[in-house]
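Structural overview
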Amino acid sequence: IASHAMLSRQERTMTNDVAWGARFYAKQASEQTEKLMKNKANMSPPQIQSQARNIESLKIKSVSLLNDAKKKAINTYNEALKATLLYNNFFTENGPFATAIAPSDRQFVESELDKTWKNWQGGFEKEWNGQMAHADEAPAIVDGAAREVAIEIDKVDKMLATLAK
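Notes on the structure follow. (Residues numbered from 1 in each chain as written. Predicted model: local features only at pLDDT ≥ 70, side-chain atom pairs only at ≥ 80, totals over all residues. Heavy atoms only, no water.)

Before going further, it helps to spend a moment on the packing of aromatic side chains. Applying the stated criterion across every chain, the model contains 7 aromatic pairs. Plain terms: the ring middles of Y77 and W117 are 5.4 Å apart, the flat faces sit at 75 degrees to each other, and that makes the pair edge-to-face. Of this pair, Y77 sits in helix α2 (residues 45-91) while W117 is found in helix α3 (residues 103-118), placing the two residues 40 residues apart along the sequence. Under the relative-accessibility criterion, Y77 is labelled partly exposed at 31%. (Phe/Tyr/Trp six-rings, centres within 6.5 Å; stacked < 30°, edge-to-face > 60°. Helix = DSSP H or I, 4+ residues; strand = E, 2+ residues; numbered from the N terminus. Buried < 20%, exposed > 50% of the residue type's maximum accessible area, 1.4 Å probe, protein only.)

In structure tokens, the structure reads:
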């Protein structure tokens, strides 16, 4: 139970980190495109093509990381579910170990499961830079990153479309 709960929390942390990377590369693609658009008059066609390929590579990295963040968010849920199912199956009602767990231990396990589910739904409070801050749940992180990535990539695609003209 603890192992799955811990994995769920780790996946939530990695969801955040990987989503940050997706945003980063999308922003880099946008910045590189803006720079290319400003300097294209002073560049040769091969230089322009080279820059355009680099920008496409940044877009691909961004989308790839966003997809990875989605997988990690799903793993956040799956691991929390596994921990909960194990607990419910073995330690509640007619489970084979229902009477083997002390009330204080039961309360602790249930509070840990509740904390684990906060990574999926509702988010949680955590200390950040010496202050308490709200940490979003995994789906909100992915949704926010997906919006930001889509906006940046759309901007890039529209600017790059003008190069072909």
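Moving on to the pattern of salt bridges. Scanning the entire structure with this criterion turns up 9 salt bridges. Between K27 and E152 there is a salt bridge, with its nearest N and O atoms 3.9 Å apart. With K27 in helix α1 (residues 2-39) and E152 in helix α4 (residues 138-163), this residue pair connects regions lying 125 residues apart in the sequence. Here K27 falls in the partly exposed class, since its relative accessible area comes to 37%. (Salt bridge = Lys/Arg side-chain N within 4 Å of Asp/Glu carboxyl O.)

Further remarks concern the packing of α1 against α3. To describe two helices that pack against each other, one gives the angle between their axes and the distance between the axes. One way to put it is that α1 packs onto α3 with a least axis distance of 9 Å and a crossing angle of 25 degrees. Relative to α3, the element α1 lies roughly parallel. Crossing geometry of α1 relative to α3 is assigned as left-handed. Side by side, α1 and α3 meet where A5, S8 and R9 of the first sit next to E112, K115 and T116 of the second. Taken together, the residues of the contact of α1 with α3 sort by class into 1 nonpolar, 2 polar and 3 charged. (Axes fitted to C-alpha atoms, helices over the stretch in contact; angles between N-to-C directions. Parallel < 35°, antiparallel > 145°, perpendicular 65-115°, else oblique. Left-handed = near helix turned anticlockwise from the far one by under 90°. Contact = heavy atoms within 4.5 Å. Nonpolar A, V, L, I, M, F, W, Y, C, P; charged D, E, K, R; others polar.)

Moving on, we get to the environment of W120. As for its placement among the helices and strands, W120 is situated in the loop between α3 and β1 (124-128). It is 5.3 Å that separates the C-alpha atoms of W120 and A138, two residues lying 18 residues apart in sequence. Excluding residues within four positions of it along the chain, W120 makes contact with A73, T76, Y77, E137, A138 and P139.

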